[in-house]
Amino acid sequence: MPETVKTVLAESQLPRHWYNINADLPEPLAPVLNPQTHEPVTPDDLAPIFPRAVIEQEMSTEREIGIPGPVRDAYRQWRPTPLYRARRLEHALQTPARIYYKYEGVSPAGSHKPNTAIPQAFYNHAEGVRRITTETGAGQWGSSLALAGAMFELEIAVYMVRVSYEQKPYRRAFMESFGAHCIASPSDTTAAGRAVLAEHPDSTGSLGIAISEAVELAAEREDTKYALGSVLNHVLLHQTVAGLEAQVQLEMVDDYPDMVIGCTGGGSNFAGLAFPFLGEQLRGGRKVDFVAVEPAACPTLTRGRFAYDWGDTGHLTPLTKMHTLGSGFVPPGFHAGGLRYHGMAPQVSHLTALGYIRPRAYGQLECFAAGLEFARAEGIIPAPEANHAVKATIDEAIRCREAGESKALLFNLCGHGHFDMQAYTDYLAGRLSDEHTSDAEQAMALSGLPQV
Ligand SMILES: Cc1ncc(COP(=O)(O)O)c(C=O)c1O
């Protein structure tokens, strides 16, 4: 019998619930605060921008939250996703490590983001919302919400970080193909965008700015809500569908990960894969090494401060306790657009502060090199974001080779790079460099943290 490469599940094995790590946290999360009163936010504070069902999930401590039937039906278009054993990469690296990856690039939008776009669109539609606004960095999230909008008959308006809007015209075409409206941010369509442009007319934008624009629009209109593609508890919750499937798939091949690895922009693909395993550990199960990998040019977990901060640049969002580089931080225009966010999911930050997650940062050049090594062995070109996870996995596999250790490594191949060919073209032509932010720039952005 040839050795198995892909472990696939039947559609009937699609999980019936998501996993909520809030049920198993050793200490509860710090409360989210109202930015005006600094009191914990209430569901009513959030009601102008999110549907009720999403607000309930955001605050829930139930361990299992059922996946509604219409969401499972939509998931079935591409889920369950395959779990690959990276046999060709293992061979190329001559490593005794067992490398597994959960391939989320098989979704119609090419990444893990539809895992939360679909339920968010469903809940909005069920509560009579007509339009959703959002931001997008790399374009993956905007594409996913555009797809979900088409599936649940919603108008979608996407503020796309200007640098990505210019680098990735096909992402815009993708969103428009599904009927969404895509605007380069900062834009002159909102007060938040106009304020940035007045000070920095050539601003390349950031997720923090684009979030301000999208939230502003949602807060203005009764029939419009806002959707976020990462960071918040409900987003991480929806992403656990990947980790729950991976648990069953690894059981089928009689293995268990020693290390779980994911890239982190806002924390959702990492958490989606890691939290079901971390939950098992917190309930007395096996100890796993959880590695969150971020870009050295936007080093939220490795160099940021664990403090209350705004989620956006225009200071319209509540205050959350998270690792942050400061809401005024504008990262350099490197290619992993989805990792250019100043903050981090509060759940990922909290578990990092408690010592359950080990963060690590890499420069983009070493990540592209790792991505190509992976692509040439496995035949899949990863999204530049995912290359960060690939790099950490290859490093660990080499360490295993040197130590003669056979560990099971599981990482989230959270997206393919088919819309990122300009990035690969630039890398192959030697046009990319590693940009770092200075301590002074970082200190300046952190000096604007709110006094809580
Ligand atoms: C392919 C891909 N990976 C990772 C990310 C980062 O987000 P998160 O950390 O929430 O998974 C993004 C965000 O846009 C993305 O598009």
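Residues numbered from 1 in each chain as written. Predicted model: local features only at pLDDT ≥ 70, side-chain atom pairs only at ≥ 80, totals over all residues.

Asker: What's the story with the UniProt feature "modified residue: N6-(pyridoxal phosphate)lysine" (unreviewed entry) in the chain in this structure? I'm lost.
Answerer: Summarizing the sequence annotation, UniProt attributes the feature "modified residue: N6-(pyridoxal phosphate)lysine" (unreviewed entry) to Lys113 in the numbering used throughout. With respect to the secondary-structure elements, Lys113 resides in the loop between strand E5 (98-103) and helix H5 (114-126). Those residues within four positions of Lys113 in sequence are excluded, and the remaining contacts are Gln140, Trp141, Ser144 and Gly229. (UniProt positions renumbered as here; feature names shortened; annotations may be inferred. Helix = DSSP H or I, 4+ residues; strand = E, 2+ residues; numbered from the N terminus. Contact = placed C-beta atoms within 7 Å.)

Asker: Would you mind going over the site of the ligand with me for this structure?
Answerer: Contacts to the ligand come from 21 residues, most closely from Gln140, Ser230, Gly265, Gly338 and Gly415. The set of elements that each furnish at least two residues to the shell around the ligand consists of helix H6 (140-151) and helix H12 (268-282). The dominant element in the shell around the ligand, judged by the number of residues it contributes, is H12, at three residues. (Near = placed C-beta within 6 Å.)

Asker: Looking at this model, I keep getting lost on helix H11 (residues 233-252). Mind explaining?
Answerer: Look at H11: 29 Å from first C-alpha to last across 20 residues, which is about the 28 Å you get at 1.5 Å a residue. Remark: the principal bend of H11, roughly 30°, maps to Gln239. Burial analysis of H11 places 16 of its 20 residues in the buried class, the great majority of the element. Looking one or two places after H11, you find Asp254, whose phi comes out positive at around 60°. (Expected span 1.5 Å × (residues − 1). Bend = angle between axes of the 7 residues up to and from the residue. Buried ≥ 20, exposed ≤ 12 C-beta atoms within 10 Å, placed from the backbone.)

Asker: Just to check I follow, could you spell out the sheet that holds strand E8 (residues 181-185) for this structure?
Answerer: Remark on secondary structure: sheet strands pair via backbone hydrogen bonds, oriented parallel or antiparallel. The strand order E8-E7-E6-E9 describes an open sheet built from four strands, whose pairing is parallel. Of all the strands in the sheet, the pair left with one neighbour each is E8 and strand E9 (224-226). For this sheet the average axis-to-axis angle between neighbouring strands, irrespective of direction, equals 25°. Contacts from H6 reach strand E6 (131-136), strand E7 (155-161) and E8 within the one sheet, and its direction differs from that of E7 by about 175°. (Pairing = 2+ DSSP bridges. Axes fitted to C-alpha atoms, helices over the stretch in contact; angles between N-to-C directions.)

Asker: Sorry if this is basic, but what is going on with the nonpolar core here?
Answerer: In globular proteins that are soluble, nonpolar side chains generally tend to be buried together. Among the nonpolar cores identified, the biggest contains 127 residues, and Ile118, Ala121, Leu145, Val158, Tyr226 and Ala274 are the most heavily contacted of them. Ranked by residue count, the leading element in this core is helix H10 (residues 207-220), at eight residues. When neighbours within four sequence positions are excluded, Ile118 is seen to be in contact with Val71, Ala74, Tyr75, Ala148 and Met151. (Core = buried A, V, L, I, M, F, W, Y, C linked by C-beta atoms within 7 Å.)

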